[in-house]
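Coordinate analysis (summary)
What follows is each chain in one-letter form.
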Amino acid sequence: MSSSSDPSADVAAAVKNASVDDMIAAATHAVESPDSAAEASVAPLPQITISVRTMSPDEAVIELQVTETETVQDIKLFLFENPDTCYFTSFELYLQGEKLNDILPLREVPGLKDGAVLEMKPAPYNEKSARMHVRRVRDLTGFAHIEHASFAPSAFSYFAYPEEIVEKTDPTQDGSQDAPDSNKQRKQKAKRVEPVSLPNLTPLFSDQPAADAVSSLSNFYPPRLPTPPPCVRSIVHSGWNPVPGSRRLMGDLFYIEVVTLENTWACITAWPGGFYVNSSTNGSFQPAPAKAPCPGHTLVGLLSQFSPAFKKNFGKLVSLPNDLNPYDFLPTPTPVPIWIQSRRPPTHDANRAEDSLLASFEVSDVRGPLRDWNEEFQSCKELPRETMQDRITRDRAMTRINSEFVDAAVRGAIAVVGGCVPPLNPTEPDRAHMFIYNNIFLSFAVDSRDLYKDIGGDSISYKNANMDLKGVRLYNMLDIPGLHTLATAIINYHGHRVIAQSIIPGILANEKASTVLYGTRDNATPPTDPAAHAPVESKLYVSDPEFHQLMLQAGLHLHIKEHTVVNDAPKEGEERVVKLASGADAKGIMGTDGRRYVLDLTRATPRDANFTSPEHTVSLVRPELLGAYHQHLNAKTPNGDANGQDKDQQPESQDQVKPFFNPNVLVTPPVVHENPEAAAADEKDVRALAAFLRDNILPQFVHSVVTVSIPSLPADGAGLTSTLHTYGINMRYLGDIARLLSNHIRASQSSVGSDSSSEDDHKSSPQVPPVAANVLSLVEVEMLVRTAKHLFNEMLRATPASQLAHATAHFLNCFVGECKATMPPPVTPTAPALKSQSKAKAKEARKKKQAKKEKKVSPVFELTRAVLYERLIARVSQQFGYTLPSSYTLPRNRIAVLRNFCLKTGVQVVPKEYDFTSSPRPSAKAKTQSVAAAIQAPAPVLNVPFAPDDILDLVPVVKHIEPRSGDGQDLFDAARGLVLTNRTQQAHEYLMDAHSILTQVHGPLHTDVAQVNAHLALIMYTLGEFTQAIAHQKHATLVNEKILGPDHFETITAYSQLATYCMHAGRLREAAAYMTRALYLASLIHDNMHIEFLSVFQQAALLLQEMEKLEPSVEYFKEALRVCEALLGPDNIQVAVLCHQLAMTYAALQHYREAMQHQKRHFTILSRVFGDDDVRTKDSSQYLSLFTSHAVQKQLAMARPSTKEYKNQIRAAAPSVGVPRPGPDEPRPDMSHLSVSEIMNYINTSSRPGPKGKVSGSRIRMMGKTSSREVVDDDSSDAPAEKKQQRRKGRKSNAAPQAPSDGK
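Model, not experiment: these values are computed from the prediction. (Residues numbered from 1 in each chain as written. Predicted model: local features only at pLDDT ≥ 70, side-chain atom pairs only at ≥ 80, totals over all residues. Heavy atoms only, no water.)

Considerations on the nonpolar core
Among the nonpolar cores identified, the biggest contains 181 residues, and Ile729, Phe811 and Phe815 are the most heavily contacted of them. Ranked by residue count, the leading element in this core is helix α21 (residues 771-797), at 15 residues. When neighbours within four sequence positions are excluded, phenylalanine 811 is seen to be in contact with Ala788, Phe792, Met795, Val860, Leu863, Leu868 and Phe901. Ile50, Leu64, Ile75 and Phe310 belong to the second-largest nonpolar core, a separate cluster that totals 47 residues. (Core = buried A, V, L, I, M, F, W, Y, C linked by side-chain atoms within 4.5 Å. Buried < 20%, exposed > 50% of the residue type's maximum accessible area, 1.4 Å probe, protein only. Helix = DSSP H or I, 4+ residues; strand = E, 2+ residues; numbered from the N terminus. Contact = heavy atoms within 4.5 Å.)

In structure tokens:
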């Protein structure tokens, strides 16, 4: 689970349940443990500089900075990605004439020191390495393979400005001493960039009703960069393969055929020394070298000699990556959820087609032998972990194995669903089939044995698989030595849930070879089926002493209580009473490799006593709730008050109350315990835990939403899920949360109506801000989308493969559109009947064929919007216990609903404009015809949002276990605690160490690395180092975009933060580009009625003021004010801040009537909140008087157009530069008690000129920036002089870019 990229929200969430000193002490103890004095200094590893003399024609030398813990293979991987050496695949590195071992760490290389020079020398090819080289050249020249589901298109490089463009006039603002020279050099290389401006609000946000709203996704991806230059027409394997035996004895490996840009055909021979052109043609086999063989160790070298056009264009091709961010070319370690994808026209490539076919069956000779995933996974877990460097090496190996396992599991699931893998048990029903693909065990999460037939069937098995994955994740986090789990992943594809697991050694060869030593030993079902998570009627509990000790260690951390269960009918040699420290359904197996494996961890946490019905048999509490309950109990102990203020004085272990729970109570079927009284007490504890969730946690969350005290309000379904999980709330409580929010809203509305007569009562009565209604709408949409996902998957499993696109499009038309009619299924081609058949037989055959077609029609086509929503509302009531109105309609922003649904189901759509208001007009004939008749009739053109061509793909949705670096996380948590105590320098050191560790473990593309970079950017920003802050924030933005998705909420926040840093660095055009992207993406994931838009709009308005575009700035301020009023209420202090900013901007535009209106409201709110005697209220009154004075002068000037001297006098008195606060000697008419209309009537009826105000040269944008501080700072009453001084000092003293949620 990832926390918000907003640093303040992260810190608040991190210290929610712990004090700062406790968090720092715990993390410091983890980093600087006394057992190794040198461990704390391991993170910043010493670096050495080495040089590599390449094999390029010019023998270029590349300098590298490496650490002694890296290996020779790491240097090879770098050279593999370097533009100058990217096409070299078969080479060795030599040092002083000695060949280096690839797996050898650099610290063990003899003679390697700082300044050493390594040499690249060619290595001979074999058939496998030569084929890999050809594949590499094909990838480089544009013949890329089919992109995997994990392909994450990054749009950052299309919005990011080159680093050479520096727009600030003061080069020392960013704190760098050598900025003038470096900036001058960069400007000489800078490219011409057109100015960028923020978009108009009209296309992004509008108040028009949903019936007239038309959303656009056409701008989701920016225009692509220029197409890479073509280098060759085709590179395919020759039809003369395989190599004859006589030629193989001469060294021939295989043959390829190449067609150059000059339309020259050539047959090329691959041999151990490289490649050469032979004399073969399409019609004759002549393997001897041609007259001009153009030999070369690489295929690029051969083609550069053979084709001048190839040599010219390939040089341009390898230099193209210099225009993009280097991270754009790195593959993502795990699949990324992408719901919208640009349509890429396919290109004809015979090799790609062959590779795709071979990959489906995992028989490609390039991939090598099948991998033993279990042995690799367990060997990594058994690596040493004594020192920090050992743990870094171990975590890095675990991350690599997990990424490769997930990739192979996804390919296997696609092959299994597509029917490309034969089952292990072909005689059993299809739903019970099990498969092995690349040594990965695959099975469907279905109730194949009808164990849950009466309480939910497949839905229970569907949930069981998810609970098992969560249990494996918990035990992996504990990392108990000697206790092993399986590599596990869940793949949802085409409506099927596929479970992928590594294979326990010996479990498939012989059932008795792998023995169940702990937990449940099923007598009816062998433990080979990972989908059989449920209890069966005949079972036996066993407990091996060594296994039990390992499970007890895990139970200490998981709050699992040791308890005793009874076997009903033990056989001879079997114990009647067994001690367990886990769920009774768990199985502990001893593999033939001697390792102890635990699986079927569906009950790793206690049962949720609030849901005890049979259909909720797998409803468990979350582990976060156990931690919250633990702290709740300790807050009640005598040594600590309710707020935990004396927690530091409590002993570490003596007085701490740690609750333990029995996971085998309240289960179905019941587990017999030896001591009924103890079982009853355990059941009471479990019910107390559930009551704590219901009576404490749920109201606490709702209260934080109502009072807007939550660190970060959820913006979409993923954010809501993450927030609830942080509180320890399961998603099945969405209905309870919706009811509590509805009750608060109704109570607030009734209190407003009853207390409207008394102003004092109105001040004292608690008011629920409208943000609660926004969260309620989000909760209702999430319930609806989750039920729609399950219904869609059920219907998708019954849909033929040829109807998937049509069925998906029709479901979306009914769900997010206004489709009011059923859709005829697509027309399928049929074979004509044989002429020899008689009429009777032909008629009977047609009837059978018609009936067969009726069965193959997807149930989706029978849906209409009314029918679909009737089913969804019923399911919401059944699953969540919440009743939606029968006339329920989706929110205005249906793009957000579409995005939520697609991310959960794997649907990919094309980016275009979708009109969700259109619906087909069914005719009377269409209503009466049957589905079978509709098949024969041509499909009418329906005016609906989605057509089948708009459904680009159905990609897998993957859940897996992601390894994390414990040392890196400890340092990161300690740094966040140090930020709260203003120990910035120490926090920066901790963050740099955490960045070093996390980068070594996960590489640069990981969410943890992005979080560290975001915090480093914030620290650099507060220190005034804007250039470094921008660099760190760019890294965080790109990583979030590639790993989380281009429209993830954290990605949007990262863009907004980056725009803020660029604005304060003076890079306005760059800031405008980032802010434009943030505004557009934010308008897609939710409507503008969200609290985060308040900060985004304010930053956009300030940015426009910096660009001296005051009129567009007014529009963004007004939009921010509208959002603030709607969510926080009209009397919130933040409303006053925005009113004052609007008033200052209007005054700069000489629109004094509007300035008076907003300043009047600013004065009214401050008077109500702080009183009339407060300095902030008096300051607001002076501004109001000054605006009134200037309004009078302007009105009189308009009434006397013939008096030229008077007009000049007014023009001199009210310039357009800005409006300062009046001086102490100027008359200030007291009009604070008047309305705006009364003030304007006074202006119109007045016949005397008003007093002249003093004019200041301060710029309005600085006044706009400081206005928010003037409302809350008591020392800001001395206005213009201090503002000028702050202007000269720069913007280092500005507040952090995040807008405060409490208005302060």
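Some thoughts on the sheet that holds strand β9 (residues 265-271)
Strand order in the open sheet formed by 4 strands is β7-β8-β9-β10, with antiparallel pairing between adjacent strands. Of all the strands in the sheet, just β7 (234-237) and β10 (274-277) have a single pairing partner and so form its edges. Ignoring strand direction, the axes of neighbouring strands in this sheet form an average angle of 30 degrees. Pairing of strand β8 (residues 254-259) with β9 involves 6 bridges; the strand directions are antiparallel. When the sheet's bridge partners are listed, glutamate 257 is paired in β9 with cysteine 267. (Pairing = 2+ DSSP bridges. Axes fitted to C-alpha atoms, helices over the stretch in contact; angles between N-to-C directions.)

Looking at the environment of glutamine 1033
With respect to the helices and strands, the residue glutamine 1033 is situated in helix α31 (residues 1026-1043). Residue classification places glutamine 1033 among the buried residues on the basis of a relative accessible area of 2%. In this view, glutamine 1033 contacts Ala1014, Ala1017, Ala1054, Gln1057, Leu1058 and Tyr1061; residues no more than four positions away in its chain are not counted.

Regarding the packing of aromatic side chains
Within the structure shown, the criterion is met by 29 aromatic pairs. Relative to tryptophan 339, the ring of phenylalanine 220 has its centre 6.1 Å away and its plane inclined at 75 degrees; by these criteria the two rings are edge-to-face. Here phenylalanine 220, found in the loop between β6 (215-216) and β7, pairs with tryptophan 339, found in the loop between α10 (308-319) and α11 (350-361); they are 119 residues apart in sequence, far enough to count as distant. The burial state of phenylalanine 220 is the same as that of tryptophan 339; both residues are buried. Considering the side-chain rings of tyrosine 1021 and phenylalanine 1026, the 5.8 Å spacing of their centres and the 45 degrees angle between planes classify their relative orientation as tilted. Judged on exposure class, the residue tyrosine 1021 and its partner phenylalanine 1026 are both buried. Clustering of aromatic rings is evident, with ring pairs tying together Phe792, Phe811, Phe815, Tyr869 and Phe901. (Phe/Tyr/Trp six-rings, centres within 6.5 Å; stacked < 30°, edge-to-face > 60°.)

Things to note about the sheet that holds strand β15 (residues 496-502)
Overall, antiparallel pairing links the 5 strands, which are arranged β11-β12-β15-β14-β25 in an open sheet. Where the open sheet ends on each side, the last strands, each with one partner, are β11 (434-437) and β25 (957-960). Looking at each pair of strands side by side, their axes are set apart by 25 degrees on average, direction ignored. Relative to β15, strand β14 (residues 488-493) is paired through 6 bridges, and the arrangement is antiparallel. By the bridge assignment, tyrosine 493 is partnered in β15 with histidine 496.

Describing the side chain of lysine 76
Tracing the backbone through its elements, the reader meets lysine 76 in helix α3 (residues 72-81). For lysine 76, the side chain forms a polar contact with the main-chain oxygen of phenylalanine 91, separated by 3.1 Å. Excluding residues that lie within four positions of it along the chain, lysine 76 makes contacts with Phe91, Glu92, Leu93 and Asp102. (Polar contact = N/O pair within 3.5 Å; in protein donor to acceptor, adjacent residues only side chain to side chain.)

Re the pairing of β15
Counting buried residues in β15 gives 6 out of 7 residues, a clear majority hidden from the surface. Relative to β15, strand β12 (residues 440-444) runs antiparallel, the two being bridged by 5 bridges. Note on β15: the bridge partner recorded for serine 443 is isoleucine 499. Where β14 hands over to β15, the hairpin turn is made up of 2 residues, of which histidine 494 adopts a positive phi near 55 degrees.

Some words on the environment of tyrosine 1055
By the secondary structure assignment, tyrosine 1055 is in helix α32 (residues 1049-1064). For tyrosine 1055, a relative accessible area of 0% translates into the label buried. Taking the C-alpha atoms as reference points, tyrosine 1055 and leucine 1038, 17 residues apart in sequence, are found 9.3 Å from one another.

Section: the packing of α32 against helix α34 (residues 1091-1106)
Each pair of packed helices can be summarised by the angle the axes make with each other and by the distance between the axes. Two elements in contact, α32 and α34, have axes whose closest approach is 10 Å; the angle formed by their N-to-C orientations is 25 degrees. Classified by the interaxial angle, the pair formed by α32 and α34 is roughly parallel. Both α32 and α34 take part in a crossing whose hand is left-handed. Taken together, the residues of α34 that come into contact with α32 (itself represented by Phe1049, Ser1056, Thr1060 and Met1063) are Glu1092, Val1096, Gln1099, Leu1102, Leu1103 and Glu1106. Partitioning the contact of α32 with α34 into residue classes produces 5 nonpolar, 3 polar and 2 charged. (Parallel < 35°, antiparallel > 145°, perpendicular 65-115°, else oblique. Left-handed = near helix turned anticlockwise from the far one by under 90°. Nonpolar A, V, L, I, M, F, W, Y, C, P; charged D, E, K, R; others polar.)

Section: helix α22 (residues 804-815)
Between its first and last C-alpha, α22 extends 16 Å over 12 residues, near the 16 Å set by a 1.5 Å rise per residue. Here α22 lies mainly inside the structure; 10 of its 12 residues are buried. Listed as buried for α22 are Leu804, Ala807, Thr808, Ala809, His810, Phe811, Leu812, Asn813, Cys814 and Phe815. Against the buried residues of α22 lie α21, α24 (865-880), α25 (894-905), β22 (907-909) and β24 (951-954). (Expected span 1.5 Å × (residues − 1).)

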